Amino acid sequence: MKREFAVIGLGRFGGSICRELSEEGMDVLAIDIHEEKINEYKNIVAHAVIADTTDENTLKELGIRNFEHVIVAIGENIQASILTTLMLKELGIKKITVKAQNDYHEKVLNKIGGADHVVHPERDMGRRIAHNIISTNILDHLELSDDHSIVEVKAGSRMHGKTLIELDIRAQFGCNVVAIKQANDKQINVSPMADQIIDQDDVLIVIGADKDISRFEKQLVLDE
């Protein structure tokens, strides 16, 4: 089943989240108060709506309660960001990620307790965050270049009990497992052998082209 996300605020940060989630096949509702931003993303995401999210009735009309994860990426207007976050919390949204403009903004968000996760766009790239919110099994994502990355993923049931040669990650997906952090003893095995058995919750460090990593994540990593 496709997962559904709502992104509020379509600046550079919110826009990059929308693009990455959409490219990963997720259903995305993009919301912004400016028509030109909506026009820019209406052919990229599943739904794009002009709306003022500081209005509780507007949020209800959008059916925001149907979304399991809402990303508040409102730009310069800290007040709008805080009000939106509070209302989302009151409406019972399961998970809320909020972009903080500065340390003061983050302190306020932490004080009111509305956000589940606060991010700084200058420290956390949209692509990395998009990967992390898609699945609890994707622990980290580091860009090496425009089209190559390293990901840190947690092995789930689809990998459990299988060897690297059985999973055949390199041949099937074009990615390389460069290290395995074993869940049972926390040891890191660099350059693991082909007969290395993967246990559930082992952490794999994988390097490859973004398109190959995406296929690997969809078939073996993303939560079932």
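Above: the structure in question.
Draft legend 1. Region of the structure containing the overall build of the chain. The number of helices and strands found in the chain is nine helices and 13 strands. In summary, the chain has a C-alpha radius of gyration of 19 Å against a globular reference of 17 Å for 224 residues, a match within 12%. Here the C-alpha coordinates of the chain stretch approximately 55 × 35 × 30 Å along the principal axes. Taking all 224 residues of the chain together, 47% fall into the buried category. Of the contacts made within the chain by residues no fewer than 6 positions apart, 56% connect residues no fewer than 24 positions apart. Carbon and sulfur atoms provide 47% of the accessible area of the chain, an area that totals close to 11,500 Å². Separation between the mean location of the 26 positive side-chain charges and that of the 38 negative ones in the chain comes to 1 Å.

Draft legend 2. Structural view of the sheet that holds strand β8 (residues 148-154). Here we have five strands laid out as an open sheet, ordered β7-β8-β13-β10-β11, and antiparallel in their pairing. Both outer strands of the open sheet, β7 (138-143) and β11 (188-190), are each paired with one neighbouring strand and no more. Across the sheet, the mean angle separating the axes of adjacent strands is 20° when strand polarity is ignored. The sheet contact formed by strand β10 (residues 176-181) and strand β13 (residues 203-209) spans five bridges and is antiparallel. Bridging across to β13, Asn176 finds its partner in Ile207. Packing of helix α9 (residues 210-221) onto the sheet brings it into contact with β7, β8 and β13, and relative to β13 it is tilted by some 145°.

Draft legend 3. Focus on the nonpolar core. In terms of nonpolar packing, the biggest core is built from 40 residues, with Leu21, Met159, Ile169, Leu204 and Phe216 touching the most fellow members. If sequence neighbours within four positions are ignored, Leu21 has contacts with Phe5, Met26, Val28, Ile71, Ala130, Ile133 and Ile134. Val72, Ala80, Leu88 and Leu109 belong to the second largest nonpolar core, which has 24 residues in total.

Draft legend 4. Representation of the pattern of salt bridges in the model. With the rule as written, the count across this model stands at five salt bridges. Here Asp116 ties to Lys89 by a salt bridge, and the two come within 3.5 Å at their closest N and O atoms. Of the two residues, Asp116 is situated in the loop between α5 (103-112) and β6 (117-119) and Lys89 in helix α4 (residues 78-90); the sequence distance between them amounts to 27 residues. Its salt-bridge partner being Lys211, residue Asp212 comes within 3.5 Å of it at the nearest N-O pair. On the basis of relative accessible area, Asp212 is assigned to the buried category, the value being 12%.

Draft legend 5. Just the sheet that holds strand β5 (residues 95-99), in detail. Reading across from one edge, β3-β2-β1-β4-β5-β6 is the order of the six strands in this open sheet, with parallel pairing throughout. Two strands close off the open sheet at either side, each with one partner strand: β3 (47-50) and β6. Across the sheet, the mean angle from the axis of one strand to that of its neighbour is 15°, orientation sign disregarded. Where strand β1 (residues 4-8) and strand β4 (residues 69-72) come together, four bridges link them in parallel fashion. The partner of Phe5 across the bridge, within β4, is His69.

Draft legend 6. Geometry of the pairing of β7. Pairing between β7 and β8: five bridges, direction antiparallel. Paired with Ile138 across the two strands is Val153, which belongs to β8. With antiparallel pairing between neighbouring strands as the criterion, β7 and β8 make up a hairpin whose turn holds four residues.

How each quantity is defined
Sequence order as written defines residue numbering, which begins from 1 separately in each chain. Thresholds applied to this predicted model are a pLDDT of at least 70 for local features of residues and 80 or more for the giving and counting of side-chain atom pairs; totals over whole chains, interfaces and linings are not thresholded and use all residues. As a convention, hydrogens and water are excluded, and side-chain values are obtained from all of the structure's heavy atoms. Numbering goes from the N terminus for both helices and strands, where a helix is a DSSP run of H or I of at least four residues and a strand is a run of E of at least two. With C-alpha atoms as the basis for the radius of gyration, the globule rule is written as 2.2 Å multiplied by the number of residues raised to the power 0.38. Relative accessibility under 20% of the residue-type maximum defines a buried residue, over 50% an exposed one, and the middle range a partly exposed one, all with a 1.4 Å probe and only protein chains included. By definition in these notes, contact holds between two residues if any of their heavy atoms fall within 4.5 Å. Note on areas: these come from Shrake-Rupley sampling with a 1.4 Å probe, and a residue is covered only by the protein chains present in the view. The positive count covers Lys and Arg only, the negative count covers Asp and Glu only, and His and the chain ends enter neither. By convention, charge coordinates are those of NZ in Lys, CZ in Arg, CG in Asp, or CD in Glu. A strand pair is defined by DSSP finding two or more bridges across the two strands. Axes here refer to lines fitted to C-alpha atoms; in helices the fit is confined to the stretch in contact. Angles between the N-to-C directions go from 0 to 180 degrees. The nonpolar core is taken to be a set of buried Ala, Val, Leu, Ile, Met, Phe, Trp, Tyr and Cys residues, with the residues joined through side-chain atoms within 4.5 Å. The working definition used for a salt bridge is a side-chain nitrogen of Lys or Arg within 4 Å of a carboxyl oxygen of Asp or Glu.

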